[in-house]
Protein chains: 2
Amino acid sequence: MNAAPTNSSPRSPGSRPQQLDAVSKAIIEQLQEDGRRSYAEIGKAVGLSEAAVRQRVQKLTEAGVMQVVAVTDPMQLGFYRQAMIGLKVTGDTTAVAEELGRIPSVDYVVLTAGSFDVLAEVVCENDDDLIELLNKRIRAIEGVLSTETFVYLRLHKQFYNWGTR
Amino acid sequence: MNAAPTNSSPRSPGSRPQQLDAVSKAIIEQLQEDGRRSYAEIGKAVGLSEAAVRQRVQKLTEAGVMQVVAVTDPMQLGFYRQAMIGLKVTGDTTAVAEELGRIPSVDYVVLTAGSFDVLAEVVCENDDDLIELLNKRIRAIEGVLSTETFVYLRLHKQFYNWGTR
DNA sequence: AGTGAAACGACCGTAGA
DNA sequence: TCTACGGTCGTTTCACT
């Protein structure tokens, strides 16, 4: 095989991507179905011993390729109103992004190229909360020129990725 | 035991939202930090026995309030180009959403109100892949009138849960 | 809904091909 | 990087509160 990229350094932000073999992909798929599945059971599914699965999961986690975490459903918790908000910004976009990130109702912030400078996803209990969030918090941030709100009608597909640094 | 095959859909439609007490919130927080943390350890942290923690986690999961899953980092896997795509659609938006959902590179699809009918997040390896995805797959879907692409410059914040704060 | 106890199974470190 | 194995700890079931 080629030089094995055995990086034991735990999650360096600038580390290069690693190519996953079929087995690691299969392990990740197992954990995407159920993050609590036992290593032994995963091993049976992918044809590896329990210890080997454990080692690979540990390496994938330490390398920052994958994480096992709990995710919650806003709807089930009474947050009935979600929306994506496109923002046009003057000046420094990162400053606006940081302000947005401090708002608990804002769960997703990304700087973009295009007719919006920033996209932010928000989670609210109802329309009144959304209005207040927009007027009192988001549109009050210095540098925010305008917002356009895309109220969610139905979330159709969601696959959990992760990449915040 | 209980036949509970619910891996395909994270939502359980029709069920009412439930109010979480402080203990369940604490349990969810523990699993947010590490989805593989043992019930015993969580029990010590929240002041409950292992069996009690396990029961609550099982109920929260079955109710669709929470899921423990693996999330991956596209960047670490060589997917350097992410974008949000706003679509204008003629006719049935759900049909377009379903087509979009079948594309593996599309990890997020939501029907919206506003100047876009559908928002879709995509994950690509590079710009060429993005161009091909747009032209050959997305803009080829029947009913898609136009697309606007917001290329991600930097993902600034991403949360997987909202109800526990 | 919670606890406690005992049987069982999973997890972890170490050794070795 | 994997398997094998033994000690330890977590999970499961059940009887009880």
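A brief report on the enclosed structure follows. Every value quoted in this text rests on a predicted model; they were computed, and no experiment measured them.

1. Here we look at the overall build of chain A
- Across its full length, chain A holds five helices and five strands.
- Each helix and strand of chain A, ordered N terminal to C terminal, gives the series α-α-α-β-β-α-β-β-α-β.
- In chain A, buried positions account for 44% of the 165 residues.
- Taking the intrachain contacts of chain A between residues at least 6 apart in sequence as the baseline, contacts between residues at least 24 apart amount to 64%.

2. Comments concerning the packing of aromatic side chains
- What the rule picks out here adds up to five aromatic pairs over all chains.
- Judged by centre distance (5.2 Å) and plane angle (25°), the ring pair of Phe150(A) and Phe116(B) falls under stacked. Taken together, the residues Phe150(A) in strand β5 (residues 144-158) and Phe116(B) in the loop between β3 (106-113) and β4 (118-124) connect one chain to another. The exposure classification of Phe150(A) matches that of Phe116(B), with both residues buried.
- Judged by centre distance (6.1 Å) and plane angle (80°), the rings of Phe116(B) and Phe150(B) are edge-to-face.

3. Overview of the nonpolar core
- Judged by nonpolar contacts, the single largest core of 31 residues is most densely connected at Leu31(A), Met66(A), Leu31(B) and Met66(B).
- Only α1 (22-33), α2 (39-46), α3 (50-62) and β1 (66-72) of chain A together with α1 (22-33), α2 (39-46), α3 (50-62) and β1 (66-72) of chain B provide two or more residues apiece to this core.
- If near-sequence neighbours (up to four positions away) are discounted, Leu31(A) is found in contact with Arg37(A), Ile42(A), Val57(A), Met66(A), Val68(A), Arg36(B), Val69(B) and Ala70(B).

4. Comments concerning the relation of the copies chain A and chain B
- Each copy superposes on the other: chain A lies on chain B with an RMSD of 0.4 Å after a rotation of 179° and an axial shift of 0.3 Å. The superposition of one copy onto the other is thereby described by a two-fold rotation axis.
- Counting the interface residues of chain A, we find that 95% of their copies in chain B are interface residues as well, pointing to one common contact surface.

5. Points about the pattern of salt bridges
Residue and element names in this part refer to chain A.
- What the rule picks out here adds up to nine salt bridges over all chains.
- Here Glu50 makes a salt bridge to Arg54, at a shortest N to O gap of 2.8 Å. Separated by four residues within a single helix, Glu50 and Arg54 lie in helix α3, roughly one turn from each other.
- For the salt bridge of Arg81 with Asp127, the shortest nitrogen-to-oxygen distance reads 2.6 Å. Here Asp127 lies in helix α5 (residues 127-138) and Arg81 lies in strand β2 (residues 81-89), a separation of 46 residues in the sequence.
- Classification of Arg81 as partly exposed rests on a relative accessible area of 23%.

6. A word on the protein's contact with DNA strand C
- Taken together, Ser38(A), Tyr39(A), Ala40(A), Glu50(A), Arg54(A), Arg36(B), Ser49(B), Ala52(B), Arg56(B) and Lys59(B) make up the full set of residues adjacent to DNA strand C.
- When the atoms of DNA strand C within 4 Å of the protein are grouped by moiety, sugar and phosphate amount to 73% of the total.
- Within the side chain of Lys59(B), an N or O atom sits 3.1 Å from a phosphate oxygen of DNA strand C.
- Examining the composition of the surface near DNA strand C, we find that three residues originate from one element, α3(B), more than from any other.

7. Notes on the packing of α1(B) against α2(B)
Residues and elements named next belong to chain B.
- Taken N-terminus to C-terminus, the directions of α1 and α2 make an angle of 130°; their axes are 10 Å apart at the nearest point. Between α1 and α2, the angle is such that the two are oblique. Crossing of α1 against α2: the hand is right-handed. Residue-level contacts link Val23, Ala26, Ile27, Gln30 and Leu31 of α1 to Ile42, Ala45 and Val46 of α2.

8. Thoughts on the environment of Ala97(B)
- Its location among the elements puts Ala97(B) in helix α4 (residues 93-101).
- Sequence spacing of Ala97(B) and Ala120(B) is 23 residues, and the spatial spacing of their C-alpha atoms is 8.6 Å.
- In contact with Ala97(B), other than residues within four places in its own chain, are His156(A), Val109(B) and Leu111(B).

9. Quick word on a negative patch on the surface
Residues and elements named next belong to chain A.
- A surface patch of like charges, here negative, comprises Glu125, Asp128, Asp129 and Glu132.
- With respect to the secondary-structure elements, Asp128 resides in helix α5.
- By relative accessible area, Asp128 is classed as exposed at 58%.

Rules used in this analysis
Residues numbered from 1 in each chain as written. Chains lettered and ligands numbered in written order. Predicted model: local features only at pLDDT ≥ 70, side-chain atom pairs only at ≥ 80, totals over all residues. Heavy atoms only, no water. Helix = DSSP H or I, 4+ residues; strand = E, 2+ residues; numbered from the N terminus. Buried < 20%, exposed > 50% of the residue type's maximum accessible area, 1.4 Å probe, protein only. Contact = heavy atoms within 4.5 Å. Phe/Tyr/Trp six-rings, centres within 6.5 Å; stacked < 30°, edge-to-face > 60°. Core = buried A, V, L, I, M, F, W, Y, C linked by side-chain atoms within 4.5 Å. Least-squares fit on C-alpha atoms with pLDDT ≥ 70 in both. Salt bridge = Lys/Arg side-chain N within 4 Å of Asp/Glu carboxyl O. Near = heavy atom within 4 Å. Polar contact = N/O pair within 3.5 Å; in protein donor to acceptor, adjacent residues only side chain to side chain. Axes fitted to C-alpha atoms, helices over the stretch in contact; angles between N-to-C directions. Parallel < 35°, antiparallel > 145°, perpendicular 65-115°, else oblique. Left-handed = near helix turned anticlockwise from the far one by under 90°. Patch = residues over 30% accessible without salt bridge, like charges linked within 9 Å, V, L, I, M, F, W, Y side chains within 5 Å. Areas by Shrake-Rupley, 256 points an atom, 1.4 Å probe, with all protein chains shown as cover. Lys, Arg positive; Asp, Glu negative; His and termini not counted. Charge placed at Lys NZ, Arg CZ, Asp CG, Glu CD.

Everything listed is a geometric property; what it means functionally is a separate question.
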